[in-house]
Amino acid sequence: MITNLTEERDQVVNMITNLTEERDQLLNKDITLTNERDQLNQERNELWKMLNEMDGCIYQSSFYYMSSEEKSWSESRRYCTERGADLIIINNKEKKELVKKMSGSTAVWMGLTDRDEEGRWTWVDGSTLTSGFWMSTEPNGYKKENCAVLYPSGLMASRVCQSVLRGVSHQQQKPHFHSGGGYRHT
Ligand SMILES: [Ca+2]
């Protein structure tokens, strides 16, 4: 009888020990999840703040933003690539609307040029322009105008590449953050 009771007591003690361990594990997991949630919230807030500052937006999990200063086409492209992005490729109506919304009332650079071969307009990813939305007299300027802009009207035109304008960058993934928050220029 006493032996049975002792065994039973040991079993109960074991059970309590196991439950305590399990509870501690769950508590730890909860802390980890809470930390992760807080970090994600912080990243989200940083992202929104940055989007506002950069006249940017998110479309289909990609990040689009305007350069802060007006620069030549090459310098505008460099502004993008220094941040792991490139000048925008506008190959559908949605992206055109996106740029119009971001740029407001100014013409902006996009990732289209015929610098390498006059009259053959290619995007920054190397693909050839198939159907553009040029203004009626564009592209003109021949070898003098080798870079493309988008006007607030939603139409494209060729421009001298040394003109200074704001550019629109496209980044595949969300920007990187320092552990303490803030944008990391990559
Ligand atoms: Ca040209």
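All values reported here derive from a predicted model rather than from experimental measurement.

About the cut-offs
- Residues numbered from 1 in each chain as written.
- Predicted model: local features only at pLDDT ≥ 70, side-chain atom pairs only at ≥ 80, totals over all residues.
- Core = buried A, V, L, I, M, F, W, Y, C linked by C-beta atoms within 7 Å.
- Buried ≥ 20, exposed ≤ 12 C-beta atoms within 10 Å, placed from the backbone.
- Helix = DSSP H or I, 4+ residues; strand = E, 2+ residues; numbered from the N terminus.
- Contact = placed C-beta atoms within 7 Å.
- Domains from an automatic or database assignment.

Some thoughts on the nonpolar core
Formed by 26 residues in total, the largest nonpolar core has its most connected members in Val108, Trp109, Met110, Val149 and Val168. If you list the elements that add at least two residues to this core, you get strand E2 (62-66), helix H2 (73-81), helix H3 (93-103), strand E4 (108-113) and strand E6 (147-150). Ignoring any residue separated from it by four or fewer positions in sequence, one finds Met110 in contact with Leu87, Ile88, Ile90, Ala148, Val149, Leu150 and Val168.

Let's talk about the domain arrangement of the protein chain
For the protein chain, the assigned domains read domain 1 (1-53) and domain 2 (56-171). The distance between the C-alpha centroids of domain 1 and domain 2 comes to 51 Å.

Description of unusual backbone geometry
Following Glu138, the chain continues to Pro139 via a peptide bond in cis, the omega torsion being -5 degrees. Positive phi is not limited to glycine here, since Ser61 has a value of about 65 degrees. Taking the C-beta count within 10 Å as the criterion, Ser61 has 8 such neighbours and is therefore assigned exposed. A positive phi angle is found at Tyr142, which is not glycine, with a value near 50 degrees. Among the structural elements, Tyr142 can be located in the loop between strand E5 (122-123) and E6.

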